[in-house]
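Below, each chain spelled out in residue letters.
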Amino acid sequence: MNYAKFEFVSHDLVSDATREAISDKVIFEKRPAKLPDGTVVDGLYNAWITLNNPSQYNSYTTDMVKAVILGFRAASNMRDVNAVVFTAVGDKAFCTGGNTKEYAEYYAGRPEEYRQYMRLFNDMVSAILGCDKPVVCRVNGMRIGGGQEIGMACDFSVASDLARFGQAGPKHGSAAIGGSTDFLPLMIGCEMAMNSGVLCESFSAHEAMRLGILTDIAPALKVDGKFVPNPLVETRMVTDEWGRIVHGKPKTGEALAEGKALMARGEVDLSELDRKVEELCGKLLLTFPGCTTKSVEELRKPKLNAWNMNKENSRAWLGLNMMAEANMGFRAFNEGNREVGREVDFVQLRRELADGAKFTPEYIDSMMPGVRK
């Protein structure tokens, strides 16, 4: 039947033009929906929200966060949209979290400003968790720090097998309380959550799949015209001689050298990742939309409940921390380089704090990488 004359009421917060003008580093587009076999479906779409800051590993600025919030709100309201795909430009990173240059040069030392920023970040996570459409994270590269947090807020994740996952907070003056301390214990268990959130040890896509934070992985490296599995991690052996799981662990020694040589010969091709993402969206297309939305809402509740219990307290703590460790850590990362490093001397810091050192501007300056050397 033809319903073309029906006039819908807009439930959007702002016009499309206003949303698009906020930042050119977030791309919003509707792509024709496809059935699982690849057949294009007329009149139905998937909304793609794409982070477009590849020179800074798709880290999000304040304006980008605003655009993402409004993008999810718009996609949620679009009657002809089947699912939302959240991804990024390039093949190096989905997202490495907040923009450390902006953190170091504007927010460091300004706790109330950072608290306002974290309100926006909270709203971004909530916009993902509250989207009326299923959300698929297309992980095209590193998903680290805040990038891991917004990725885990999504309902499904499909990753390039070259992607890596992890947190960075305690290494750079923060804590993973933008979602990871809420989501990780639920998704991968308390011990592995400690390993990720405190030690900041990253893990491969194969490990992420085994731990339960990925729906699927796709090969992304082509050598001599054929896809090969990630050559930098173990993909053939499951356990070592002691029975410990090694599948997905980084290779070492000669095997690592061979893997790097193979990487150098190949090229990254994300076409298989795109195929798997489209196939997943196609499966969602073949369901009752209302039943799917209700199912998604209910299955999100463990994450949503944990998130809602903690987000305000976390926002307040993160704001205050911009006067102390975050001020030091974000500046160190921003002002350091490959030669002097991007971290403070943690051992010296601990010694001096034990002796009563204060986080004065002069002390923070003295702890920047390379200064004491």
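Right, let's walk through the structure included here.

Here is what the cut-offs are and how they apply
- Residues numbered from 1 in each chain as written.
- Predicted model: local features only at pLDDT ≥ 70, side-chain atom pairs only at ≥ 80, totals over all residues.
- Heavy atoms only, no water.
- Buried < 20%, exposed > 50% of the residue type's maximum accessible area, 1.4 Å probe, protein only.
- Helix = DSSP H or I, 4+ residues; strand = E, 2+ residues; numbered from the N terminus.
- Contact = heavy atoms within 4.5 Å.
- Pairing = 2+ DSSP bridges.
- Patch = residues over 30% accessible without salt bridge, like charges linked within 9 Å, V, L, I, M, F, W, Y side chains within 5 Å.
- Areas by Shrake-Rupley, 256 points an atom, 1.4 Å probe, with all protein chains shown as cover.
- Salt bridge = Lys/Arg side-chain N within 4 Å of Asp/Glu carboxyl O.
- Axes fitted to C-alpha atoms, helices over the stretch in contact; angles between N-to-C directions.
- Parallel < 35°, antiparallel > 145°, perpendicular 65-115°, else oblique.
- Left-handed = near helix turned anticlockwise from the far one by under 90°.
- Core = buried A, V, L, I, M, F, W, Y, C linked by side-chain atoms within 4.5 Å.
- Phe/Tyr/Trp six-rings, centres within 6.5 Å; stacked < 30°, edge-to-face > 60°.

Observations regarding helix α6 (residues 180-188)
Given 3.6 residues per turn, any residue in an α-helix points the same way as the ones three and four places further on.
Step number 1: Taken together, the buried positions of α6 are Ser180, Asp182, Phe183, Leu184 and Ile188.
Step number 2: Of the surrounding elements, those touching the buried residues of α6 are α4 (111-129), α5 (146-152), α7 (190-197), α8 (205-211) and α11 (289-321).
Step number 3: With its phi angle positive at about 95°, glycine 189 sits one or two positions after the end of α6.

Some details on the pairing of strand β1 (residues 26-34)
Step number 1: Where β1 meets strand β2 (residues 40-51), 8 bridges bridge the pair, whose relative direction is antiparallel. Among the inter-strand pairings, glutamate 29 is bridged to a residue of β2, identified as tryptophan 48.
Step number 2: Between β1 and β2, which pair antiparallel and follow one another directly, the connecting turn spans 5 residues, one of which, glycine 38, has a positive phi of 95°.

Quick notes on helix α12 (residues 325-335)
Step number 1: All of the buried residues along α12 are Ala326, Asn327, Met328, Gly329, Phe330, Arg331 and Ala332.
Step number 2: The inward-facing, buried residues of α12 contact α3 (100-107), α4, α11, α13 (346-354) and α14 (361-366).

Here we look at a nonpolar patch on the surface
Step number 1: A grouping of Met194, Val198 and Leu199 is seen on the molecular surface, where their side chains present a nonpolar patch of about 300 Å² in accessible area.
Step number 2: By secondary structure assignment, the location of valine 198 is in the loop between α7 and β9 (203-204).

Focus: the packing of α6 against α11
Step number 1: Running from amino to carboxyl end, α6 crosses α11 at an angle of 150°, the nearest separation of the two axes being 8 Å. The angle between α6 and α11 falls in the class roughly antiparallel. By crossing handedness, the relation of α6 to α11 is classed as right-handed. Residues Asp182, Phe183, Leu186 and Met187 of α6 pack against Pro302, Lys303, Ala306, Trp307 and Asn310 of α11.

Quick word on the sheet that holds β9
Step number 1: Strand order in the open sheet made by the 4 strands is β4-β6-β8-β9, with mixed pairing throughout. For this open sheet the edge positions go to β4 (93-95) and β9, each flanked by a neighbour on one side alone.
Step number 2: Of the pairings in the sheet, the one linking β4 to strand β6 (residues 142-144) comprises 2 bridges and is parallel in character. What sits directly across from alanine 93, in β6, is methionine 142.

Description of the sheet that holds strand β7 (residues 156-160)
Step number 1: Spatially, 6 strands are ordered β1-β2-β3-β5-β7-β10 in an open sheet, and the strand pairing comes out mixed. In this open sheet, the two strands that pair with only one neighbour each are β1 and β10 (216-218). Between one strand axis and the next, the sheet turns through 25° on average, direction left out of account.
Step number 2: Where β7 meets β10, 3 bridges bridge the pair, whose relative direction is parallel. Looking at the pairing, serine 160 lines up with alanine 218 of β10.
Step number 3: Along the sheet, helix α2 (residues 62-77) makes contact with β1, β2, β3 (81-88) and β5 (135-139), crossing β1 at roughly 30°.

Here we look at the nonpolar core
Step number 1: Residues Tyr60, Phe72, Phe86, Tyr114, Ile150 and Phe165 are the most contacted members of the largest nonpolar core, which totals 62 residues.
Step number 2: The dominant element in this core, judged by the number of residues it contributes, is α4, at 9 residues.
Step number 3: In this view, tyrosine 114 contacts Tyr103, Tyr107, Leu318, Gly319, Met322 and Phe330; residues no more than four positions away in its chain are not counted.
Step number 4: Membership of the second largest hydrophobic core comes to 13 residues, among which are Val85, Val158, Val277 and Cys281.

A few points about the pattern of salt bridges
Step number 1: Considering all chains together, one arrives at 20 salt bridges under this definition.
Step number 2: Residue lysine 222 is joined to aspartate 269 by a salt bridge in which the shortest nitrogen-to-oxygen separation is 3.2 Å. Placement of lysine 222 in strand β11 (residues 221-223) and of aspartate 269 in the loop between β13 (267-268) and α10 (271-285) is noted, with a sequence separation of 47 residues between them.
Step number 3: Look at the salt bridges and you will find they share partners, linking Glu272, Arg275 and Glu279 into a network.

Observations concerning the pairing of β5
Step number 1: Burial analysis of β5 places 5 of its 5 residues in the buried class, the great majority of the element.
Step number 2: By the bridge criterion, 3 bridges tie β3 to β5 in an arrangement that is parallel. When the bridges of β5 are listed, valine 85 appears paired with valine 136.
Step number 3: The sheet contact formed by β5 and β7 spans 4 bridges and is parallel. Residue arginine 138 lies in a different strand from β7, and its bridge partner there is valine 158.

Let's talk about the packing of aromatic side chains
Step number 1: Under the defined criterion, the tally for this structure stands at 14 aromatic pairs.
Step number 2: With centroids separated by 6.4 Å and ring planes inclined at 40°, the aromatic side chains of phenylalanine 183 and tryptophan 307 adopt a geometry described as tilted. Here the residue phenylalanine 183 occupies a position in helix α6, and tryptophan 307 occupies one in helix α11, the gap between them amounting to 124 residues. Each member of the pair, phenylalanine 183 as well as tryptophan 307, is classed as buried.

Such coordinate-based values are descriptive only and should not be taken to indicate function.
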